[in-house]
Amino acid sequence: MTLLRVEGLSKRFGGVVAARDVSFDLGPGEMLAIIGPNGAGKSTTFNMVGGQLRPDSGRVVLEGAEITGRPPRAVCRLGVGRTFQVAQTFLSMSVAQNVQMALIARAGRTRDLFAQADALYRDGALALLDRVGMRSEADRPIGELAYGDVKRVELAVALAASPRLLLMDEPTAGMAPRERAGLMQLTASIARERSIGVLFTEHDMDAVFAHADRILVLVRGEIIAAGTPEEVRADEQVKRVYLGTTGHRAALRARKATHG
Amino acid sequence: MGEKAISRRGALVGGGVAAAALVGLRPARAQGAPVRIGELNSYSRMAAFSVPYRNAMQLAADTINRAGGVMGGRPLEFIFRDDGATPGDAVRVAEDLLTRENVAFIAGTFLSNVGLAVADFANQRKRLFFATEPLSDAITMAQGNRYTWRLRPNTYMQTRMLTEAARGQTARRWGIVAPNYEYGQSAAANFKRLITQSIPGAQIVVEQYPALGRVDAGATVGALSQARPDAIFNVLFGPDLTAFVREGNTRGLFERRLVLSLLSGEPEYMIPLGDECPEGWIVTGYPWEQVDAPAHRAYVEAYRARFNETPRMGSLLGYVTVEVLANLLNKANSLDSEALVEALRDLRSDTVTGPVTMRGLDHQGTMGTWVGETVLRGRTGAMRNVRYVDGAEVMFPEAEVRAARPNA
Amino acid sequence: MDPGFLLVQSLSGLASASSLFVIASGLTLVFGVTRIVNFAHGSFYMLGAYIAVTVVPWLLELDRSPWLFFAGVLLSALAVGLLGVAMELLLLRRIYKVPELFQLLATFGVVLMVQDAVLWIWGPVDITGPRAPGLRHGVEILDQRFPAYELFLIFVGPAVLGLLWLLMHRTRFGILIRAATRDREMVGALGVNQALLFTATLFLGAFLAGLGGALQIPRVSASAQMDLSIITEVFVVTVIGGMGSVTGAFLAALLIGQLQAFGVLIFPKITLVLVFVLMAAVLVVKPWGLLGRPEPAAGRAALPEGILHPRRFGVVEGTIAMLAVATAFVLPLFADAYTLKVATEVLVLALAAFSLNFLVGNGGIVSFGHAAYFGLGAYAAGLLVTRLGVPMEPALVAAPLAGAFFAALFGFFVVRLSGIYLAMLTLAFAQIAYAVCFQWVEVTGGDNGVVGVWPSPWAASRQVYFYVVAVCAVAGIAAMRHVIYAPFGATLRAARDSEVRADAIGVDVRTHRWLGFTLAGAAAGLAGGLYAFSKGSMDPTLLGIPTSVDFLAMILLGGIQTVMGPVIGAAAFHSIKDVFMPLTDYWRFFLGASIIALVLIFPRGLGGAYGKLRGSRPVQHA
């Protein structure tokens, strides 16, 4: 069964094609990585799925419901959690308050004028923090945390929406190598236990090949290869791309191969 | 030093009085205790007018006190306060003067909106307010009240002096330029009403209302001259007037055109014009050097000797204010507000400008002003063919007052 | 209309535009590099004019040559430039690290001080400067006479634009300015001597303002009110052009010059509001002005300026708050009438300031026009009482409703913007509301306002009315304080911290900000209604820029990081004013100096200083 279906997404910025005819599927509990060189269109694709960007054409379907071009807040309410390349948190709040805020939003109580925000959903927040291993830091200001820990909190914030799909843009960017593996392991285990589909982009190939169930290789806005880590590792075009042949030529060949 | 001590004691006494007033008691006053009058004005924002005004008041008060004071030997004392040039601040300051400084009544204010707010406050508190400078007709007409009296000739009176002076002129097509606020608008409205009485068939062909303090002089002069009026009625003053006159001089707006201009002959506005002062405008103003009455000359001499500057319109007004107030206190011989108000009714005082009556009908003083033609003498402007117009000649007609003040 | 007239009218517009641009270019450069909205720019303009009317006649005594005239103008501009350097070294340099709003407040302190310094040095009488020798005459253009000096001015604007272009593209200093305008942090990272760059920029900015002022002396007289009248207009030019864009300022100045030249023909009475309508329209369509760039996205993780951790009252704070409320309620028993009056005003202002900080501190929505809702509340209550004879009680209900209504109306557009442009749009709407109150004489009484707004008989005594105000203000503040701790308040803080994150967890940021704006408008409206009944009158100054600035000063003095700071700030600000006003004619100087001193000594405000004293453990879960 399919959780997320992306069909023929395209996006141009001025004359530059950032994404062309990108299509893929993602199932529950599956970890799907999008990789590719800088400027390959990973973030563009990502933002089109997450609602930050409206695609020029194509469709994004979440569990049968079309979400193309809907704003992030709507996408979130339909069950999509999101983390960002540079962690986005509420800096003036404590770790727990960050998660509580997400739970308040999830419950649709952001316009509540009467309750005490600090007292709402604290247990739920602590449970989520416990799951990402940040329970002990719950009452520290989030600004004091090491960056790797911030990323974990951001994961807990994303999980607060009880998402069926997690979008993680460069989840390990800016982290120390040891922290990276830990975060990816954590993400993978949560995804499996809760049947959450995870779409992520990543620069760190170790993380990708160790944790992704499937990999999409994006070059110059187009998918040049897709498959299990083993298949992608063996793909000649992918090898060429990463061995230094320009992505453009590889993409041209790929198009000839697929269309020709 | 001494002033400060007095003021602090005043604050203490004021507190006690206020407390006493709360329980309905009137404090007993010792013979020879000063009569305190609260004077609030825009000393900071409108310093060009109000500082000479305050100086002259001091001078007049000192003169009176040397001659034995008021009410049989009590010295006259003014407590001067800045009104912040906003109604909100002014009402607070008025409260301060009445309650903490223990003044008998309040006087002053410059801006019309401040004057109106203080007038209404005085009415609410049932205390006398002697408005000296604000020109707004509303203070004595539509929004007049029992406790508010005004000395200076108001917008209507000053405008009427000019339109009367234009009697016999042939100019039919008129342009109006006035600052876009109450004073300007009401001067323009008065003018439209009055000019046809002097010049039958006169019509207004163009009106310009630049924002106060930001006239776009070039555009305004262009718009006026485009309508080709025979004559212009000007209400601009201060920096707006300077910019307007310069632009108009260069562009020839005033050539072969009659110009009536409110207040432009007052030294406050004449001095900054310098050698740009246009010739032949008919203006209201204060040609102090041409007023020959001995009392006036004595005051001018004393003023120049003490402050080392020539008198301004503000100086005259300040001096006359104190003369009228001293007369009032002597006549009423009481500091009770009701007694003061009753004594003011048709009170006639001899002042350096001649006799001034506070007309009981509309609480407007008959102090007049001078009308004349502008002329350039050396590098400064002056007035010639000057005539003092007694305010009594140009007051609002009684029927109009009765319509505006049904209780009058 | 004949073509000659249209041409000359348009030339008049060009001459005004040219002058406006010279001044605005300095402001936009300073903003681009330092991100400081320099209120004192108008003061530099005024100083330029005053110095020129002093220096130029002295030079012309030597020889009446045009060269000496322009030498005098340049000399004056240089002198003002040096004053700009002095301001940077003595003041701005010490406060680059403090929140941007505090810098703005400090520059406003400078405005107040310069106003009184000018009065003190040059006296209160306007000074008319000499005309330029050789350019006194008029030039005949298609049968219309046009001043030669204004023809000259028309060329000054493009010349300054050209010189600035050369400076920005051909010199290292200029390239650094452009780089800093685009990304301030990058310049810091490049190892550029930032202090020197800022000093030089302030010199250039003040020089241009001084030049603009000095060039005006053949047209207008130097007067002590010219600073504030120019600064709003210059703000409008820089905002329409796009903050930081010199070319944008040029285009905007041209636009405004022509708008005014032809506007006076069609709408002779509403020139006051025309430019603000234009600014509002431009900002609604182009949120960053004509040629401005969006503020660089918040990629950096910096703590926002505002309420960080709304701390609950501890034992000490609780006691203080109880004591304060208790004191307020027994005050009428022993205070004299005047103290009571001042206390009434402090309570009203505290409510207004608190509502502003609900936006600024809690929501990150910096409003420069909060007085609009205060004033509109006052007008709603006052007009109901005086025009329709409604009693005080329903009028006081109408005041917050009016504040909320207009806040909702204006806020709908305001929340679409962010940062300085948002602030400027609030200013534009406030000015439009001001102009309507000012010019719709039949209904609002024009600038005279409306008098006779006194409380119902049962509340007419100072004591009873004080209780009315105290109950309303304390209840209003307590309610809003509660909202700050409630999910809605937390959501506004969240959106302020990270709009992207708030959006991603499902928050409709715009709608929440709009609701927050409306709520704050309601509270300000209530404060305005209470104020009108305490004064017995209302008039357009309640909606004016100075009132908005007063509110900002109150919350900044109190500390925008703290929940209760605005209350302290309102009391402190009002007391300072009340102490200095009776003492001296130069009270504005001391008010300005006090503001600057407070910014320097308590860069986090009085409330922030208290928090530090108490040792802020920010997050304590009870």
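Computed from a predicted structure; not experimentally measured.

Q: When you look at the overall build of chain A in this model, what are you seeing that I'm missing?
A: Tallying secondary structure elements over chain A gives 10 helices and 10 strands in all. Relative to the compact-globule value of 18 Å for 260 residues, chain A shows a C-alpha radius of gyration of 19 Å, a close match. Seen through its principal axes, chain A has C-alpha atoms that stretch 65 × 35 × 35 Å. Looking at chain A as a whole, 52% of its 260 residues qualify as buried. Counted over contacts in chain A with a minimum sequence separation of 6, partners at least 24 positions apart contribute 66%.

Q: Explain the overall build of chain B to me, please; I cannot follow it from the model alone.
A: Of regular secondary structure, chain B possesses 13 helices and 15 strands. Relative to the 2.2 N^0.38 estimate, which gives 22 Å for 408 residues, the radius of gyration of chain B is 22 Å and therefore close to what a compact globule would have. In terms of its C-alpha atoms, chain B occupies a principal-axis envelope of roughly 65 × 45 × 35 Å. Across the 408 residues that make up chain B, the buried fraction comes to 63%. Taking as baseline every contact in chain B between residues at least 6 positions apart, the subset at least 24 positions apart corresponds to 69%.

Q: Sorry if this is basic, but what is going on with the packing of helix 14 (residues 371-388) of chain C against helix 16 (residues 419-439) of chain C here?
A: For any two helices packed against each other, one specifies the inter-axial angle together with the distance between the axes. Residue and element names in this part refer to chain C. It is at 9 Å that the axes of helix 14 and helix 16 come closest, and there the two elements cross at 30°. Our classification of the angle between helix 14 and helix 16 gives roughly parallel. Pair helix 14 / helix 16 crosses with left-handed handedness. Here Ala 371, Ala 372, Gly 375, Leu 376 and Tyr 379 of helix 14 lie close against helix 16, whose contacting residues are Phe 429, Ala 430, Ala 433 and Cys 437. Considering only residue class, the contact of helix 14 with helix 16 consists of eight nonpolar, one polar and no charged.

Q: How should I be thinking about the domain arrangement of chain A in this particular structure?
A: Interfaces are often described in size by the accessible area the parts lose on coming together. Residues and elements named next belong to chain A. Considered domain by domain, chain A is made up of domain 1 (4-79 + 163-259) and domain 2 (90-162). Computed from C-alpha coordinates alone, the two centres of domain 1 and domain 2 are separated by 27 Å. Listed per partner, the contact involves 13 residues of domain 1 and 11 residues of domain 2. Among the elements that take part in the side of domain 1 that touches domain 2, helix 6 (residues 177-194) stands out by supplying five residues, more than any other. Looking at the side of domain 1 that touches domain 2, its residues break down into nine nonpolar, three polar and one charged.

Q: What am I meant to see in the interface of chain A and chain C here?
A: Contact with chain A, which involves 34 residues of that partner, is made by 30 residues of chain C. Those elements that place two or more of their residues in the side of chain A that touches chain C are helix 2 (72-77) and helix 3 (95-106) of chain A. Top element by residues in the side of chain A that touches chain C is helix 3 of chain A. It accounts for five residues.

Q: Any chance you could explain the UniProt feature "domain: Leucine-binding protein" (unreviewed entry) in chain B here in plain terms?
A: Listed under "domain: Leucine-binding protein" (unreviewed entry) in the UniProt record, and renumbered for this structure, are residues 40-373 of chain B. Counting secondary structure, residues 40-373 of chain B comes out at 44% helix and 19% strand; the distance between its end C-alpha atoms is 33 Å.

Q: Would you mind going over the domain arrangement of chain B with me for this structure?
A: Residue and element names in this part refer to chain B. Structurally, chain B comprises domain 1 (2-153 + 292-368) and domain 2 (157-290 + 369-398). Residue-level contacts link 24 residues of domain 1 with 19 residues of domain 2. Considering every element that reaches the side of domain 1 that touches domain 2, the biggest residue donor is helix 11 (residues 313-332), with three residues. Split into classes, the residues belonging to the side of domain 1 that touches domain 2 amount to 11 nonpolar, nine polar and four charged.

Q: Explain unusual backbone geometry to me, please; I cannot follow it from the model alone.
A: The bulk of non-glycine residues show a negative phi, and the bulk of peptide bonds are trans. Even without being glycine, Asn102(B) reaches a positive phi, approximately 55°. Residue Asn102(B) is classed as buried on the basis of its C-beta count, with 23 C-beta atoms lying within 10 Å. Positioned with a positive phi, Leu142(C) is a non-glycine residue whose angle comes to about 45°. Within the element layout of this structure, Leu142(C) appears in the loop between strand 1 (138-141) and strand 2 (144-147). Here Leu142(C) falls in the exposed class, since 12 other C-beta atoms lie within 10 Å of it.

Q: Is there a simple way to think about the pairing of strand 9 (residues 258-265) of chain B in this case?
A: Consecutive residues of a regular strand have side chains that alternate between opposite faces of the sheet. All names here are of chain B. The buried count for strand 9 comes to seven of eight residues, which makes it a mostly enclosed element. With four bridges connecting them, strand 8 (residues 231-234) and strand 9 associate as parallel partners. Its bridge partner being in strand 9, Ile 232 is matched across the sheet by Val 259. Looking at chain direction, strand 9 and strand 10 (residues 282-285) are connected through three bridges and run parallel. When the bridges of strand 10 are listed, Gly 265 appears paired with Gly 285. Of the crossover connections in this fold, the one passing from strand 9 over helix 9 (residues 267-273) to the parallel strand 10 is right-handed.

Q: Is there a simple way to think about the arrangement of the chains in this case?
A: A comparison of contact numbers over the two pairs of chains in contact places chains B and C at the top. The two units chain A and chain B remain apart, with a minimum C-alpha distance of 34 Å.

Q: What exactly am I supposed to notice about the interface of chain B and chain C here?
A: Contact residues are listed per partner, giving 63 residues for chain B and 57 residues for chain C. Per-class residue counts for the side of chain B that touches chain C are 24 nonpolar, 24 polar and 15 charged.

Q: For this particular structure, what's the right way to read helix 12 (residues 315-334) of chain C?
A: Because each turn of an α-helix spans 3.6 residues, side chains separated by three or four positions end up pointing in the same direction. Here helix 12 of chain C contains 20 residues, and its C-alpha end-to-end distance of 28 Å stays within 8% of the 28 Å for a straight helix at 1.5 Å per residue. Helix 12 of chain C sits mainly on the outside: one of its 20 residues count as buried.

Q: Help me understand the environment of Thr140(B), please; the structure alone is not making it clear to me.
A: All names here are of chain B. Mapping Thr 140 onto the fold places it in the loop between strand 4 (129-131) and strand 5 (148-150). When the C-alpha positions of Thr 140 and Gly 184 are compared, they lie 17 Å apart, and in sequence the two are 44 residues distant. Beyond its immediate stretch of four places on either side in the chain, Thr 140 contacts Arg 150, Asn 154, Asp 362, His 363 and Gln 364.

Q: Before we go on, may I ask you to explain the sheet that holds strand 9 of chain B in this structure?
A: The pairing of strands in a sheet happens through backbone hydrogen bonds and is either parallel or antiparallel. Residue and element names in this part refer to chain B. Read across the open sheet, the seven strands follow the order 7-6-8-9-10-14-15; overall the sheet is mixed. Looking at the sheet topology across the chains shown, the edges are occupied by strand 7 (203-208) and strand 15 (380-389). Strand-to-strand twist of the sheet, defined as the mean angle between neighbouring strand axes without regard to direction, takes the value 30°. Along the sheet, helix 6 (residues 182-198) makes contact with strand 6 (173-177), strand 7, strand 8 and strand 9, crossing strand 6 at roughly 165°.

Q: Before we go on, may I ask you to explain the pairing of strand 6 (residues 80-83) of chain A in this structure?
A: Residue and element names in this part refer to chain A. Burial along strand 6 is two-sided: Val 80 and Arg 82 and Gly 81 and Thr 83, pointing in opposite directions, are all buried. In this structure, strand 6 lies alongside strand 7 (residues 165-168), joined through four bridges in parallel fashion. Bridged to Thr 83 within strand 7 is Met 168.

Q: Just to check I follow, could you spell out the sheet that holds strand 4 (residues 57-62) of chain A for this structure?
A: Residue and element names in this part refer to chain A. Strand order in this open sheet of four strands is 2-1-4-5, and the pairing throughout is antiparallel. Two strands in the sheet have a free side with no partner beyond their single neighbour: strand 2 (16-26) and strand 5 (65-66). Where strand 4 lies against strand 5, two bridges are found, and the strand directions are antiparallel. Bridging across to strand 5, Val 61 finds its partner in Glu 66.

Q: Could you clarify how one ought to interpret the packing of helix 5 (residues 148-170) of chain C against helix 6 (residues 172-182) of chain C in this entry?
A: All names here are of chain C. Running from N to C, helix 5 and helix 6 point in directions that differ by 85°, and their axes come no closer than 5 Å. Looking at the two axes, helix 5 sits roughly perpendicular to helix 6. Only Gly 174, Ile 177 and Arg 178 of helix 6 make contact with helix 5, whose side of the interface consists of Leu 167, Met 168, His 169 and Arg 170. Its residues assigned to classes, the contact of helix 5 with helix 6 comprises three nonpolar, two polar and two charged.

Q: Even after reading the chapter, I still don't get the environment of Ala188(B), so can you show me in this structure?
A: Residue and element names in this part refer to chain B. With respect to the element layout, Ala 188 can be found in helix 6. A residue is classified by how many C-beta atoms lie within 10 Å of it, and Ala 188, with 23 of them, is buried. With 33 residues separating them along the chain, Ala 188 and Thr 155 place their C-alpha atoms 9.5 Å apart. Apart from residues lying up to four places away in sequence, Ala 188 is in contact with Ile 176, Ala 178, Glu 207 and Val 235.

Q: When you look at the confidence of the model for chain B in this model, what are you seeing that I'm missing?
A: All names here are of chain B. Residue-level pLDDT values for chain B average 89, and 92% of them are 70 or greater. Contacts from residues 1-31, a stretch scored under 50 in pLDDT, to residues over four places away or in other chains number 19 contacts. Our summary of model confidence lists the complex with pTM equal to 0.88 and ipTM equal to 0.88.

Conventions adopted
- Residues numbered from 1 in each chain as written.
- Chains lettered and ligands numbered in written order.
- Predicted model: local features only at pLDDT ≥ 70, side-chain atom pairs only at ≥ 80, totals over all residues.
- Helix = DSSP H or I, 4+ residues; strand = E, 2+ residues; numbered from the N terminus.
- Rg over C-alpha atoms; globule rule 2.2 N^0.38 Å.
- Buried ≥ 20, exposed ≤ 12 C-beta atoms within 10 Å, placed from the backbone.
- Contact = placed C-beta atoms within 7 Å.
- Axes fitted to C-alpha atoms, helices over the stretch in contact; angles between N-to-C directions.
- Parallel < 35°, antiparallel > 145°, perpendicular 65-115°, else oblique.
- Left-handed = near helix turned anticlockwise from the far one by under 90°.
- Nonpolar A, V, L, I, M, F, W, Y, C, P; charged D, E, K, R; others polar.
- Domains from an automatic or database assignment.
- UniProt positions renumbered as here; feature names shortened; annotations may be inferred.
- Pairing = 2+ DSSP bridges.
- Right-handed = clockwise from strand over helix to strand, strands pointing away.
- Expected span 1.5 Å × (residues − 1).
- pLDDT = per-residue confidence, 0-100.

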